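One letter stands for each residue in the lines below.
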Amino acid sequence: MDAFPKKVPNAKGHFGPYGGRFVPETLMPALIELETAYKKYKKDRNFLNELTLLQKDFIGRPTPLYFAKNLSNTLGGAKIYLKREDLCHTGAHKINNALAQALLAKKMGKSRIIAETGAGQHGVATATGAALVGLKCEIYMGSEDIRRQSLNVFRMRLLDAKVTDVNVGSKTLKDAINEALRDWTTNVQNTHYVLGTAFGPHPYPVMVRDFQSVIGNEARKQILRLEKRLPDCLIACVGGGSNSIGLFSAFLEDQTRMIGVEAGGRGISSGEHAARFAGGSLGVFQGCKSYLLQNDDGNVLGTHSVSAGLDYASVGPEHCYLRDMKRIEYTYATDEKALRAFELLSRTEGIIPALESAHAIAEAVKTAPAMPKDSIIIVNLSGRGDKDVQEVARIKGIAL
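We now turn to the structure provided with this report. (Residues numbered from 1 in each chain as written. Predicted model: local features only at pLDDT ≥ 70, side-chain atom pairs only at ≥ 80, totals over all residues. Heavy atoms only, no water.)

What about the overall build of the chain?
Then, number 1: Scanning the chain for helices and strands turns up 16 helices and 14 strands.
Then, number 2: Against the globule reference of 21 Å for 400 residues, the chain gives a C-alpha radius of gyration of 19 Å, in line with a compact fold.
Then, number 3: Principal-axis analysis of the C-alpha atoms gives the chain an extent of 55 × 45 × 40 Å.
Then, number 4: For the chain, the proportion of its 400 residues judged to be buried stands at 62%.
Then, number 5: The contacts of the chain with a sequence gap of at least 6 include a subset with a gap of at least 24, amounting to 74%.
Then, number 6: Surface accessibility of the chain: about 15400 Å² in total, with carbon and sulfur atoms responsible for 52%.
Then, number 7: Separation between the mean location of the 51 positive side-chain charges and that of the 42 negative ones in the chain comes to 4 Å. (Helix = DSSP H or I, 4+ residues; strand = E, 2+ residues; numbered from the N terminus. Rg over C-alpha atoms; globule rule 2.2 N^0.38 Å. Buried < 20%, exposed > 50% of the residue type's maximum accessible area, 1.4 Å probe, protein only. Contact = heavy atoms within 4.5 Å. Areas by Shrake-Rupley, 256 points an atom, 1.4 Å probe, with all protein chains shown as cover. Lys, Arg positive; Asp, Glu negative; His and termini not counted. Charge placed at Lys NZ, Arg CZ, Asp CG, Glu CD.)

Structure representation (structure tokens):
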């Protein structure tokens, strides 16, 4: 396994002014225990060898770096490569982190793991990891997300996980995380919380980034082998930010342009979106300091995205830091553009992307034509779209 990134955060989990650990005192021992265990096992050769073997034989790594010739020809301009995380076991990048954390929880002597999920992919991945290593599993999911991701709910239950309906607030990811944190507070002795993105209290942002860095490490080797040079541009969608930081982390010291794409929903002016950098401000939320969609009184605003996995009020603290450093650009794609990109990739390449990933494709649609033909773009195709077909059909008024 390649070495994990080491630059940030500092010892207290701060990425500049962002990050940290803002939790009730009852959770501090669990976080310190987790930090200690992670520091130990990320250097433990037996743990790393076991994880590497599972990445190969269970997840199906390395995932291909695929030249999307038809899409590239359709758009003109840059050559577009897709990092095929949609081909991971369970259908998305989420398994990279969930399986690693399940393995870590087993090493820590925990008997139960819990998780939150929006699009359902992290829930499926966590339930899969729990089944593999022999742990009990409970997944918290908002009622609205249960409605639009019913297929993944059934998959989780097939994997013997309990799926708990969170029918409060916006009934989406934010509320699922709140309920998972309450559970963890009550059951810290025997339970590990498998947080699904590069967010939350330290050590989660750095730990999740490290477990997802396999994406960028592979992509870097693959593009050098295929093109004998580094890409000109990387594009990935950004919800909490794990698939994007996983890709970007291997290229931070290069000159490669990087673009993170948030959920523009129905447009920024509508207020119905999840573009934290376009409409948010600094705040503390669910364990860390980061950009947050909030009003002048600090109350968290409602969010909207056609993609359940991007429908979240805050963003990982390392993204805020890298934005301040002007290392990564952040933009957004609206629901309408994401849906068009969803159909375009399906039609041109025979690949149905997750709606989350379709936001990244939408940015490639905008960016590629303006670049020279010898330019190279890598888009992180973070997940497959099986889970979204029914919802897209509903939006388009098509009965299934």
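A few points about a nonpolar patch on the surface
Then, number 1: Together, Ile352, Val389, Ile398 and Leu400 give the surface a local cluster of nonpolar side chains, amounting to about 390 Å² of exposed area.
Then, number 2: By the element assignment, leucine 400 lies in the segment after helix 16 (389-395).
Then, number 3: Owing to a relative accessible area of 77%, leucine 400 belongs among the exposed residues under this scheme. (Patch = residues over 30% accessible without salt bridge, like charges linked within 9 Å, V, L, I, M, F, W, Y side chains within 5 Å. Salt bridge = Lys/Arg side-chain N within 4 Å of Asp/Glu carboxyl O.)

A short note on the sheet that holds strand 8 (residues 191-193)
Then, number 1: The four strands lie next to each other as 7-6-5-8, forming an open sheet whose pairing is parallel. Strand pairing shows two members of the sheet lacking a second neighbour, strand 7 (162-166) and strand 8, which therefore form its edges. Taken over all neighbouring pairs, the strand axes of this sheet differ in orientation by 25 degrees on average, direction set aside.
Then, number 2: Judged from the six bridges that link them, strand 5 (residues 112-117) and strand 6 (residues 136-142) form a sheet pairing that is parallel. Residue threonine 117 lies in a different strand from strand 6, and its bridge partner there is methionine 141. (Pairing = 2+ DSSP bridges. Axes fitted to C-alpha atoms, helices over the stretch in contact; angles between N-to-C directions.)

Points about the pattern of salt bridges
Then, number 1: Taken as a whole and assessed by the stated rule, the structure comprises 33 salt bridges.
Then, number 2: Linking glutamate 272 and arginine 266 is a salt bridge whose minimum nitrogen-to-oxygen distance equals 2.5 Å.
Then, number 3: On the accessibility criterion, glutamate 272 (35% relative accessible area) is partly exposed.
Then, number 4: Two residues, glutamate 356 and lysine 387, come together in a salt bridge whose shortest N-O distance is 2.8 Å. Note that glutamate 356 is positioned in helix 15 (residues 355-367) and lysine 387 in the loop between strand 14 (376-381) and helix 16, a separation of 31 residues in sequence. As far as the burial class goes, glutamate 356 and lysine 387 line up, both buried.
Then, number 5: Ionic contacts of the salt-bridge type, sharing partners, join the residues Arg61, Lys83, Glu85 and Glu218 into one network.

Overview of the state of the cysteines
Then, number 1: Here the structure, examined in full by the defined rule, presents zero disulfides.
Then, number 2: Just so you know, cysteine 88 is unpaired, no disulfide at all, and the nearest cysteine sulfur is the one on cysteine 237, 14 Å from it.
Then, number 3: Cysteine 320 takes part in no disulfide bond, and the closest cysteine sulfur, belonging to cysteine 288, lies 8.0 Å away. (Disulfide = S-S within 2.5 Å.)

A short note on the packing of aromatic side chains
Then, number 1: Within this structure, the stated rule accounts for eleven aromatic pairs.
Then, number 2: For the ring pair tyrosine 38 and phenylalanine 211, a centre distance of 5.5 Å and an interplane angle of 80 degrees mean the geometry is edge-to-face. Taken together, the residues tyrosine 38 in helix 1 (residues 28-41) and phenylalanine 211 in helix 9 (residues 204-212) connect sequence positions 173 residues apart. When sorted by exposure, tyrosine 38 lands in the same class as phenylalanine 211, which is buried.
Then, number 3: A centroid spacing of 5.3 Å and a plane angle of 40 degrees characterise the contact between phenylalanine 67 and tyrosine 81, whose relative ring orientation is tilted. In this pair, phenylalanine 67 is assigned in strand 3 (residues 65-67) and tyrosine 81 in strand 4 (residues 79-84), connecting sequence segments 14 residues apart.
Then, number 4: One aromatic cluster is present, built from ring pairs that chain together Tyr18, Phe277, Tyr291 and Tyr330.
Then, number 5: Looking at arginine 323, its charged tip hangs above the ring of tyrosine 291, at a distance of 5.4 Å from the centre. (Phe/Tyr/Trp six-rings, centres within 6.5 Å; stacked < 30°, edge-to-face > 60°. Lys NZ or Arg CZ within 6 Å of the ring centre and 35° of its normal.)

Observations regarding the sheet that holds strand 10 (residues 257-265)
Then, number 1: Spatial ordering of the open sheet is given by 3-4-14-9-10-13, a layout of six strands whose pairing is mixed. Two strands close off the open sheet at either side, each with one partner strand: strand 3 and strand 13 (329-334). For this sheet, the mean inter-axis angle between neighbouring strands, taken without regard to orientation, is 30 degrees.
Then, number 2: When strand 4 meets strand 14, the two strands line up parallel, connected through six bridges. The residue bridging arginine 84 from the neighbouring strand is leucine 381, located in strand 14.
Then, number 3: Strand contacts of helix 10 (residues 214-227): strand 3, strand 4 and strand 14, with the helix running at about 140 degrees to strand 4, the strand carrying the most contacts.

Section: the packing of helix 4 (residues 94-107) against helix 5 (residues 121-133)
Then, number 1: With their axes 8 Å apart at the nearest point, helix 4 and helix 5 run at an angle of 35 degrees to one another. Viewed along their axes, helix 4 and helix 5 form a crossing whose handedness is right-handed. Contact with helix 4, carried on its side by Lys94, Ile95, Asn97, Ala98, Leu99, Ala102, Leu103 and Lys106, involves Gln121, His122, Ala125, Thr126, Thr128, Gly129, Ala130, Leu132 and Val133 of helix 5 and no other residues of that element.
Then, number 2: A class-by-class count of the residues in the contact of helix 4 with helix 5 yields nine nonpolar, six polar and two charged. (Left-handed = near helix turned anticlockwise from the far one by under 90°. Nonpolar A, V, L, I, M, F, W, Y, C, P; charged D, E, K, R; others polar.)

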